[in-house]
Amino acid sequence: MSRLKTVKQTEKRKSHMSRQFLLIAGVIALIISVMFASQIFETNDAGYVQVKQTAGTGTMSVRTTPGVYAQMFSNIYTYKISDTYDFNSSGNGINVRFNDSSTAEVFGSIKYRLPVGEEKVLQIHQDFRSYESVQDQLIRAVVEAVVIQTATMFSSEEIYSTRRSDFVDLINQQIKAG
């Protein structure tokens with residue numbers, strides 16, 4: 001009988017140790033899951049488009065609809081579909097020279113929209129690699145070049161008095177036309 005009691009106590013200890021091990025393993029798994037959750041799932045918010053570059057293969061895909069997606073340790077690049085480029089404050093204005101050799105700092109803002117077609121989004125991503133680069137190397141560069149070029153078609157007096165709206169319209173037309 002004492003041998004049976006010893007066997008039962010041993011089994012009880014093993015069962016208790018087994019439960020402790022499972023509890024500890026579960027807690028560790030939960031902690032690891034929480035730590036890596038941001039690498040497993042990604043949310044695409046409304047108003048954004050994402051490019052996913054798959055880990056390992058490098059295959060790129062585009063997400064245009066809002067929702068939660070499996071990231072699985074892949075790189076995700078997020079682009080705003082629509083945004084505003086501001087050059088409204090001192091230091092952010094665009095320095096121009098008019099055709100009468102006078103200079104000025106032009107202030108303003110422009111609303112832009114990126115294409116959402118998969119091929120176009122992938123082309124933008126391959127050319128610029130980030131949304132910040134799109135803003136700096138594409139939007140800012142185009143707007144500055146157009147404003148500077150357009151200013152040479154007007155005198156400072158025309159801009160100040162009679163043709164300001166022509167100046168703005170011509171800038172908008174040139175930006176839209178590329």
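Quick summary incoming for the structure in this document.

The backbone phi angle of M72 is positive, close to 50°, even though this residue is not glycine. Located in the positive-phi region is F73, a residue other than glycine, with phi close to 65°. Judged by relative accessible area, which is 46%, F73 ranks as partly exposed.

This next bit is on the nonpolar core. Of all hydrophobic cores here, the largest spans 31 residues; its most connected members are Y79, V143, V147 and F167. Where this core is concerned, the elements lending two or more residues are strand 2 (48-53), strand 5 (75-80), strand 6 (82-87), strand 7 (94-97), strand 9 (108-113), helix 2 (118-128), helix 3 (131-151) and helix 5 (164-177). With 7 residues, helix 3 is the single largest residue contributor to this core. Leaving out residues up to four positions away in the same chain, F167 has contacts with V106, V147, T150, A151, F154 and I159.

Here the focus is the side chain of K52. Note on placement: K52 falls in strand 2. For the buried K52, no salt bridge is present, and the opposite-charge side chain at shortest range is E42, 10 Å distant. One polar contact links the side chain of K52 to the main-chain carbonyl oxygen of A70, over a distance of 3.1 Å. Here K52 is in contact with T59, M60, S61, R63, A70, Q71, S74, N75 and I76, once residues within four sequence places are set aside.

So, on to the sheet that holds strand 2. Taken in spatial order, the 3 strands make up an open sheet running 3-2-5, and their pairing is antiparallel. Only two strands of the sheet have a single partner each, and these edge strands are strand 3 (60-63) and strand 5. Each strand of the sheet is rotated relative to its neighbour by a mean of 20°, with strand direction disregarded. Pairing geometry for strand 2 and strand 5, over 6 bridges, is antiparallel. In the strand pairing of strand 5, K52 is matched with I76. Against the sheet, helix 2 touches strand 2, strand 3 and strand 5, its axis set at about 120° to strand 3.

The topology assignment puts R163 in the loop between helix 4 (156-160) and helix 5. Along the chain, R163 and M35 lie 128 residues apart, while their C-alpha atoms are 60 Å from each other. Aside from chain neighbours lying at most four places away, what touches R163 is F154 and E158.

Summarising the sheet, strand 2 and strand 3 pair through 4 bridges and their orientation is antiparallel. In the strand pairing of strand 3, V51 is matched with V62. Taking the residues that link successive antiparallel strands as the turn, the strand 2-strand 3 hairpin has 6 residues, and the phi of G56 there is positive, at about 95°.

The N-to-C vectors of helix 3 and helix 5 enclose an angle of 135°; their axes lie 10 Å apart at closest approach. In terms of orientation, helix 3 lies oblique with respect to helix 5. Taken as a pair, helix 3 and helix 5 cross one another with a handedness that is right-handed. Contacts from V143, V146, V147, T150 and A151 in helix 3 reach F167, L170, I171, Q174 and I175 in helix 5. Split by residue class, the contact of helix 3 with helix 5 holds 8 nonpolar, 2 polar and no charged.

Cut-offs used in this document
Residues numbered from 1 in each chain as written. Predicted model: local features only at pLDDT ≥ 70, side-chain atom pairs only at ≥ 80, totals over all residues. Heavy atoms only, no water. Buried < 20%, exposed > 50% of the residue type's maximum accessible area, 1.4 Å probe, protein only. Core = buried A, V, L, I, M, F, W, Y, C linked by side-chain atoms within 4.5 Å. Helix = DSSP H or I, 4+ residues; strand = E, 2+ residues; numbered from the N terminus. Contact = heavy atoms within 4.5 Å. Lys, Arg positive; Asp, Glu negative; His and termini not counted. Salt bridge = Lys/Arg side-chain N within 4 Å of Asp/Glu carboxyl O. Polar contact = N/O pair within 3.5 Å; in protein donor to acceptor, adjacent residues only side chain to side chain. Pairing = 2+ DSSP bridges. Axes fitted to C-alpha atoms, helices over the stretch in contact; angles between N-to-C directions. Parallel < 35°, antiparallel > 145°, perpendicular 65-115°, else oblique. Left-handed = near helix turned anticlockwise from the far one by under 90°. Nonpolar A, V, L, I, M, F, W, Y, C, P; charged D, E, K, R; others polar.

By themselves, these are just geometric observations and shouldn't be taken as functional.
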